[in-house]
Amino acid sequence: MTMRLELVPIAVSDVDAAIAFYRDVVGFALDHDVSPGNGMRVVQLTPPGSACSIAFGVGMGSGGPVSNLHLVVDDVAAEREALVARGLEVGEVQDMGGVLYAFFADPDGNTWALQEIRVTSLPR
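Residues numbered from 1 in each chain as written. Predicted model: local features only at pLDDT ≥ 70, side-chain atom pairs only at ≥ 80, totals over all residues. Heavy atoms only, no water.

Per an unreviewed UniProt entry, the recorded name for the protein is VOC family protein, and the organism is Herbiconiux gentiana.

If you want it as structure tokens, here you go:
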């Protein structure tokens, strides 16, 4: 059996502002923005290099903010610096036992963690 997490719905209050945030500030690719009818709008964006996307829109149900979605990166300091340069408030890099994190939130309170796992040799 195979299971793949490929889509995570998140709640946003302003669809156009959320597109601008995720596409222009965080750097996600806009996969689609469709309005199938009945006032519904579905937007999907994907982080660079990821097989998992986020989705939000209008008429998709409601929910509260999502917490601690992880964006796994090769170099958390470099990714943090790039996001800060684009105007995003990102916390300082924290070392949590060999796993490095930097945290940020979107305008709707959905929270994200940049995560870098440093590969170390395992004891034999």
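Still more ground to cover, so stick around.
Once that is clear, we can look at the overall build of the protein. Helix and strand content of the protein: two helices and eight strands. Listing each helix as α and each strand as β along the protein from the N terminus yields β-α-β-β-β-β-α-β-β-β. Its C-alpha atoms put the protein at 60 × 40 × 25 Å along the principal axes. Of all intrachain contacts in the protein linking residues separated by at least 6 positions in sequence, the fraction that spans at least 24 positions is 49%. Carbon together with sulfur atoms contributes 53% to the accessible area of the protein, which is approximately 7,700 Å² in total. Averaging the locations of the 7 positively and 16 negatively charged side chains of the protein gives two centres separated by 6 Å. (Helix = DSSP H or I, 4+ residues; strand = E, 2+ residues; numbered from the N terminus. Contact = heavy atoms within 4.5 Å. Areas by Shrake-Rupley, 256 points an atom, 1.4 Å probe, with all protein chains shown as cover. Lys, Arg positive; Asp, Glu negative; His and termini not counted. Charge placed at Lys NZ, Arg CZ, Asp CG, Glu CD.)

What follows deals with the sheet that holds strand E2 (residues 29-37). One open sheet holds the four strands; their spatial order is E1-E4-E3-E2, and the pairing between them is mixed. Only two strands of the sheet have a single neighbouring strand rather than two, namely strand E1 (7-9) and E2. On average, each strand axis in the sheet is tilted by 25° relative to the strand beside it, whichever way the strands run. Relative to strand E4 (residues 53-58), strand E3 (residues 40-46) runs antiparallel, the two being bridged by five bridges. Bridge pairing in E4 places Val 43 opposite Phe 56. The strands that helix H1 (residues 15-26) touches are E2, E3 and E4; relative to E3, the one it contacts most, it runs at about 10°. (Pairing = 2+ DSSP bridges. Axes fitted to C-alpha atoms, helices over the stretch in contact; angles between N-to-C directions.)

This part takes up the UniProt feature "domain: VOC" (unreviewed entry) in the protein. Within the UniProt annotation, "domain: VOC" (unreviewed entry) is assigned to residues 4-117. Each end of residues 4-117 is marked by a C-alpha atom, and these two atoms are 21 Å apart; helix forms 19% of the span and strand 39%. (UniProt positions renumbered as here; feature names shortened; annotations may be inferred.)

A few words on the side chain of Thr 46. With respect to the helices and strands, the residue Thr 46 is situated in strand E3. When its relative accessible area of 12% is taken as the criterion, Thr 46 is described as buried. Side chain to side chain, Thr 46 and Asp 31 meet in a polar contact 2.3 Å long. At 2.4 Å, the side chain of Thr 46 forms a polar contact with the side chain of Ser 53. (Buried < 20%, exposed > 50% of the residue type's maximum accessible area, 1.4 Å probe, protein only. Polar contact = N/O pair within 3.5 Å; in protein donor to acceptor, adjacent residues only side chain to side chain.)

This part takes up the nonpolar core. One recurring pattern in soluble globular proteins is that nonpolar side chains are buried together. Ranked by size, the top nonpolar core spans 28 residues in total, and within it Tyr 22, Phe 56, Phe 104 and Leu 114 carry the most contacts. Those elements that place two or more of their residues in this core are H1, E3, E4, strand E5 (69-72), helix H2 (76-85), strand E7 (99-105) and strand E8 (111-117). Ranked by residue count, the leading element in this core is H1, at seven residues. Apart from the residues within four sequence positions on either side, Tyr 22 is in contact with Ile 10, Gly 27, Phe 28, Leu 45, Ile 54, Phe 56, Asp 106, Asn 110 and Trp 112. (Core = buried A, V, L, I, M, F, W, Y, C linked by side-chain atoms within 4.5 Å.)

In any sheet, the strands associate via hydrogen bonds between backbone groups, in a parallel or an antiparallel arrangement. Reading across the sheet, the four strands line up as E5-E8-E7-E6 and stay open at both edges, with mixed pairing between neighbours. Edge positions in the sheet fall to E5 and strand E6 (94-95), since each has one partner strand and no second. Here E5 runs beside E8; their pairing, made up of four bridges, is parallel. In the strand pairing of E8, Val 72 is matched with Gln 115.

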